[in-house]
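An overview of the molecular structure
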Amino acid sequence: MKKPRQKGFVLILVITAMAIIGLEMYVLTGGANTMLFQSDTAYLEACKRNLVTSGLAWAKQQIKSQSKENLDRTIRLDVTETDIRGSTLAVFIRIPTDKEPEVQINASCSRARRTLRHDDKYRIEL
């Protein structure tokens, strides 16, 4: 006598394999999203550092040139040439009497839905 054949065994194997593949995709997607978030953070930090450095260099040049027209007011610098989307840079130079010049740098840069801002004061040595 022949043993009756079990129907559906292959179907159970296929369904199990599909469930395992779906679980792997879920785990890999979570890892990819974490890596994307971290790379966006690193990019924004680098852009912020570039903007702040550019603002400080511009302020130092203005102080050395003794140009009074850019002192004691906020100057919004054009940063389109830096090719950083959604970025702004504002510099405020103040020279107190008998003290080192003080520079306020306000910078921001964006990527997707995240925006990184920087607001800090610096002293420029002459």
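About the cut-offs
- Residues numbered from 1 in each chain as written.
- Predicted model: local features only at pLDDT ≥ 70, side-chain atom pairs only at ≥ 80, totals over all residues.
- Heavy atoms only, no water.
- Helix = DSSP H or I, 4+ residues; strand = E, 2+ residues; numbered from the N terminus.
- Buried < 20%, exposed > 50% of the residue type's maximum accessible area, 1.4 Å probe, protein only.
- Contact = heavy atoms within 4.5 Å.
- Core = buried A, V, L, I, M, F, W, Y, C linked by side-chain atoms within 4.5 Å.
- Pairing = 2+ DSSP bridges.
- Axes fitted to C-alpha atoms, helices over the stretch in contact; angles between N-to-C directions.
- Expected span 1.5 Å × (residues − 1).
- Salt bridge = Lys/Arg side-chain N within 4 Å of Asp/Glu carboxyl O.

Looking now at the side chain of E102. The residue E102 is located in strand β3 (residues 102-111) in this model. Judged by its relative accessible area of 14%, E102 falls in the buried class. E102 has contacts with F92, I93, R94, P96, K121, Y122 and R123, leaving out every residue within four places of it along the chain.

Right, let's talk about the nonpolar core for a bit. Counting 21 residues, the largest nonpolar core has L89, V91, I93, V103 and C109 as its most contacted members. Sorting elements by how many residues they give to this core places helix α1 (residues 9-64) first, with seven residues. Sequence-distant contacts of L89, defined by excluding residues within four places in its chain, comprise L51, S54, G55, I75, R76, L77, V79, I105, N106 and A107.

Attention now goes to unusual backbone geometry. Its identity is not glycine, yet D72 carries a phi of approximately 55°, on the positive side. Tracing the backbone shows D72 in the loop between α1 and β1 (74-77). For A112, which is not glycine, the phi dihedral falls at a positive 55°. In this structure, A112 sits in the loop between β3 and β4 (114-123).

On to the sheet that holds β3. Strand order in the open sheet formed by four strands is β1-β2-β3-β4, and the pairing between neighbours is antiparallel. With partners counted over all chains shown, the strands left at the sheet margins are β1 and β4, one partner each. Between one strand axis and the next, the sheet turns through 15° on average, direction left out of account. On the sheet, α1 packs against β1, β2 (88-94), β3 and β4 and is oriented at approximately 150° with respect to β3.

The first and last C-alpha atoms of α1 sit 83 Å apart over 56 residues, in line with the 82 Å expected at 1.5 Å per residue. Here α1 has its buried residues at D40, L44, C47, K48, L51, V52, G55, W58, A59, Q62 and I63. Here the buried face of α1 lies against β1, β2, β3 and β4. Backbone geometry just downstream of α1 places Q66 in the positive-phi region, at approximately 60°.

Following the criterion strictly, the structure yields four salt bridges and no others. Where K48 meets E45, a salt bridge forms, and the shortest distance between an N and an O atom there is 3.5 Å. Placement of the pair is K48 and E45 together in helix α1, with a separation of three residues, close to one helical turn. Judged by its relative accessible area of 17%, K48 is buried. Among the residues examined, E45 registers a relative accessible area of 28% and is labelled partly exposed. Across the salt bridge formed by E102 and R123, the nearest N and O atoms sit 3.4 Å from each other. Residue E102 is found in strand β3, and its partner R123 is found in strand β4; the two are separated by 21 residues along the sequence. One continuous salt-bridge network, built from bridges that share partners, spans R94, E102 and R123.

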